[in-house]
Amino acid sequence: MSTAVLDTPREEKTEIVKNWKNPTILSVIAVISLILLGFRAPAKQVTFRLGDGIRWADIPNLQIPAVAYGWVAAVVMIALALFSLVLMNRGKKMPLILNVVFWFFFISGILVWAIGSASSSNVSLVSILSGALALSIPMIFGSMGGLLCERSGVVNIAIEGQLLFGAFSAVLVGSMTDSPWAGLLAAMIGGVLVSLILATFSIKYLVDQTIVGVVVNVLVSGLTGFFFTRILQANPAELNSAPKLPGFEIPVLSQIPVVGPVLFNQSVLIYLMYIVVGLIWFALNKSKWGLRTRAVGEHPKAADTLGVNVNRLRFSNVLMAGAVAGMGGAFFTLVSVSTFNADMTSGQGYIALAALIFGRWKPLGALMASLLFGFSLQMQFVLSGLGTTIPTELLAMLPYVVTILAVAGLVGRSRGPAASGKPYIKG
Amino acid sequence: MKLELRGVTKKFGDFTANDSIDLVVEPGTVHTLLGENGAGKSTLMNVVYGLYEPTEGEILIDDQPVTFNGPSDAMNAGIGMVHQHFMLVPVFTVAENVALGSEATKGVSLDLATTRKKIREISDQYGFEVDPDAVVEDLPVGVQQRVEIIKALVRDAEVLILDEPTAVLTPSETDQLLGIMDQLRQDGKSLLFISHKLREVRAISNDITVIRRGKVVGKADPTVSTNELATMMVGKNVQLVVDKEEAHTNSDTFEVKDLSLVAPNGVPLLKNVNFTVHGGEILAVAGVQGNGQTELTEAIIGLQPKATGSLKLGETELMGKSTKQILRAGVGFVPEDRSTDGLVGSFSISENLILDLFDRKEFSRAATLNRSAISKNADRAIEEFDIRVGHKNDAAATLSGGNQQKIVVARELTRDLKLFVASQPTRGVDVGSIEFIHKRIVAERDKGVPVIIVSTELDEVYALADRIAVFFHGELMGIAPADTPRGVLGQMMAGATYEEALASADFGSDVGTGAATVEQSENNLPWAEGENR
């Protein structure tokens, strides 16, 4: 019998499927870059200071002629875009590394061009990057909070509310007790309280998760706004001036040029962030809890038939997510500034959600995506600080434009946890 | 281990799904629970597995009464279940799926190595050939099912419940499963086998309990004839064959030429499909679910815009037309999943009867619906198609599966058709409605319309077909005459061409291995049912 070998799936030859979206995007960006970075390059030297924070050596500055660099970047990008078109015509995708090269030249090209176009063209690379890292903190914590929820099957639109309430609780308790640590703890509890509303309504009472999330955000915004004007502003010295979380330098590591001062000379909240991301990555991929969480987010009934209590696990994960997102909220009032302001999170919870999707629901992916958004936020401040010719209103849009481009344009259809957003009803 | 049910009753509100069921499964035997769809088999199994709590009665294991508060209690007591819809996380590996719920750990981290070892042991013992690191969604259905069995065995199950395990398998995969069940039985496990397929039931069972409408209606010996079993199961003498004359074909044709379709990930779903259906004949499309049949019907009705090739209805080219234009060209279509594609559950019966006709002159004036015409149409259809309804304005979702299906069929058959395409026309439908729907399909054929029926149930294929087309991995393996033996079709469903299948049937006498060819006489049973819903 030559046929009917059923156990081995027959090797399927797959057909070539041409998807022109990415090559087209690359081509358009390359052409725009050619016009902007090449033809309209500012005839200036851009100076990046690399030595900040390094004590053991004198590191020379990086001098880049904007015109030459613009042309190099534009030519490389055009070449890569053409290459991707050729590859796609044969039904192949461009290797990831070349994509990374493309985006590196794009971002660095824009950076050089923008700084070159500003009135002052001498900047510290260390302060740009460490600022970008700091600004990413709420989004990183927020996206980790979203991840804990979504991987177990609960959509978390309420990240914004968790950040905001975390920020509020942190400043209130921090000011009252005069201890930033108490403030941090309060931020976590604040986040948990917001999560409690989300979890109770979406898991226990099966209300649509997206709607509960949005309603919770509006509630938190209204509530904190009310308390801010009525209570905090009445006594700002006592209630709205929290001590900052301390920062410290990690010996040796902080003396690595550029990278050291950026990563290892920071606020304690940033070191906590490293730990939280690492822990979540490990727990999700390597622990029993992680296996169950992923199962509950993909196929809750399968988990149930194996004796996993689906709704209890979801409930506890949503609460944990609140604690994590709440820590992100503490950034606003314990690291960035010392005072609370109405709606001071300005939509970063939503960007965190976008980062989660852009990062394909993976801890490290979400981390990278948050860093990208943090970088675009930082660019807005750097460029307006340097006195650029670009209108500030346009610059203020930058993080959001990057978000839309990233999520809509580059990710395309990404596959989230299959059961996300669907309440689990037994039986 | 001996499993016994005593007077188990399960009620949902007023509805009694199981009415004092008594059942004993002895160790080392296969006990079959036989019953139609909706007879309460799955409910009973969920009670045994701890997913539902019985309203009355008790479950005994080795003569000790037990109560289960959840599946984990049942598992700890040694009961394992292979669910009808696999309880596997598609994106997990086999090892992860098996470990879930009873994970081995090393410190805080997961210890999958132990699970892998156990899987290999069981896999070797029973010849399962399952790779612990394969991702489940990439595995063929038959292997996924073995993963389910491994899941139960890893947890030291002594009683195994198999809920309609053969519904998704090819005939020879089914035979392999029956072989595995036999091996498990010889190892002293107690097996509770749920099925409505008489051939398999007779091939493997030691004892048979027949249930109907939630009640035990009798016990039977596996040697009892199929007719007797069928009568017990359905409760009346059933007509085993659809009365139909020889097909009288005419010159009307529906011609499919070079029909191809590629999924977004590059996997071909249809590969250069060519066939012609003549007016006055039924072409039945057979094959295991997921081999391109769904895509074929969707391409015909215009729901697969990326399909290429030609679909010629008489002189009209359907390819490239919108679904509405295709419907207007005289194509009647019964989709395979009536609850999502065939009906709007919350709409009334009358409204569902005009879902694709609402903008025709008879049912609308300018921008408004002609309510009285719609109402009259509903009265006529309900009468003509014997749709059992409370009131025509009730929501369609309140009806039974059979009556819902009759709405879909009635809607499509009240137009003058040039082509009728029906996908799984009787899935999850009671026997009475099956007979009725089959008669209407044959009547449509006798009007001279070309008819295409897609069914994964060979029995239905045999009942209706004038010719049988078999699909495998998107490829048309050949068109066989209606009297082709089951074994040959089984070979074709596993990837042999008609000629190859015939040749191997001639030379090797025991082709379909064992059970598949034993019961040729049962080919005409109309148990065309898929899954419980």
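For the structure, check the block above.
Residues numbered from 1 in each chain as written. Chains lettered and ligands numbered in written order. Predicted model: local features only at pLDDT ≥ 70, side-chain atom pairs only at ≥ 80, totals over all residues.

(A) Local environment of the sheet that holds strand β23 (residues 467–472) of chain B. Residue and element names in this part refer to chain B. Reading across from one edge, β18-β21-β22-β15-β23-β24 is the order of the six strands in this open sheet, with mixed pairing throughout. Both outer strands of the open sheet, β18 (331–334) and β24 (475–481), are each paired with one neighbouring strand and no more. Across the sheet, the mean angle separating the axes of adjacent strands is 15° when strand polarity is ignored. Relative to strand β22 (residues 451–454), strand β21 (residues 419–423) runs parallel, the two being bridged by four bridges. Across the sheet, F420 pairs through a bridge with V451, a residue of β22. Contacts from helix α17 (residues 486–493) reach β15 (282–286), β23 and β24, with the element oriented near 35° to β23. (Pairing = 2+ DSSP bridges. Helix = DSSP H or I, 4+ residues; strand = E, 2+ residues; numbered from the N terminus. Axes fitted to C-alpha atoms, helices over the stretch in contact; angles between N-to-C directions. Contact = placed C-beta atoms within 7 Å.)

(B) Quick look at the environment of F472(B). Residue and element names in this part refer to chain B. Considering the arrangement of structural elements, one finds F472 in strand β23. By the C-beta count within 10 Å, which is 23 here, F472 ends up buried. Residues F472 and K117, spaced 355 residues apart in sequence, show a C-alpha to C-alpha distance of 34 Å. Not counting the four nearest positions on each side in its chain, F472 is found in contact with G287, N291, M477, M492, M493, A494 and G495. (Buried ≥ 20, exposed ≤ 12 C-beta atoms within 10 Å, placed from the backbone.)

(C) Representation of the interface of chain B and chain A. Listed per partner, the contact involves 42 residues of chain B and 29 residues of chain A. When residues of the side of chain B that touches chain A are traced back to their parent elements, those giving at least two are α2 (71–76), α3 (94–99), β8 (109–110), α5 (141–154), α6 (171–186) and α18 (498–507) of chain B. With three residues, the top contributor of residues to the side of chain B that touches chain A is α2(B). Its residues placed into classes, the side of chain B that touches chain A shows 21 nonpolar, 16 polar and five charged. (Nonpolar A, V, L, I, M, F, W, Y, C, P; charged D, E, K, R; others polar.)

(D) Here's a closer look at the nonpolar core. Residue and element names in this part refer to chain A. Counting residues in each nonpolar core, the largest one holds 112 residues, and the members touching the most others are M144, A167, A170, V324 and A355. The dominant element in this core, judged by the number of residues it contributes, is helix α4 (residues 125–151), at 14 residues. Among the domains, domain 1 (21–117) and domain 2 (126–411) are the pair contributing at least three residues each to this core. Among all residues touching A355, those that are not within four sequence positions of it are M139, S143, A366, A369, S370 and F373. (Core = buried A, V, L, I, M, F, W, Y, C linked by C-beta atoms within 7 Å. Domains from an automatic or database assignment.)

(E) Fine view of the sheet that holds strand β14 (residues 268–278) of chain B. Residue and element names in this part refer to chain B. Pairing within the open sheet is antiparallel, and its four strands lie in the order β14-β13-β16-β17. The open sheet has two edge strands, β14 and β17 (316–317), and neither has a second partner. Where strand β13 (residues 253–262) meets strand β16 (residues 308–313), five bridges bridge the pair, whose relative direction is antiparallel. Note that in β16 the partner of V256 across the bridge is L311. Sheet strands in contact with helix α9 (residues 293–300) are β13, β14 and β16, and its direction is about 65° off that of β14.

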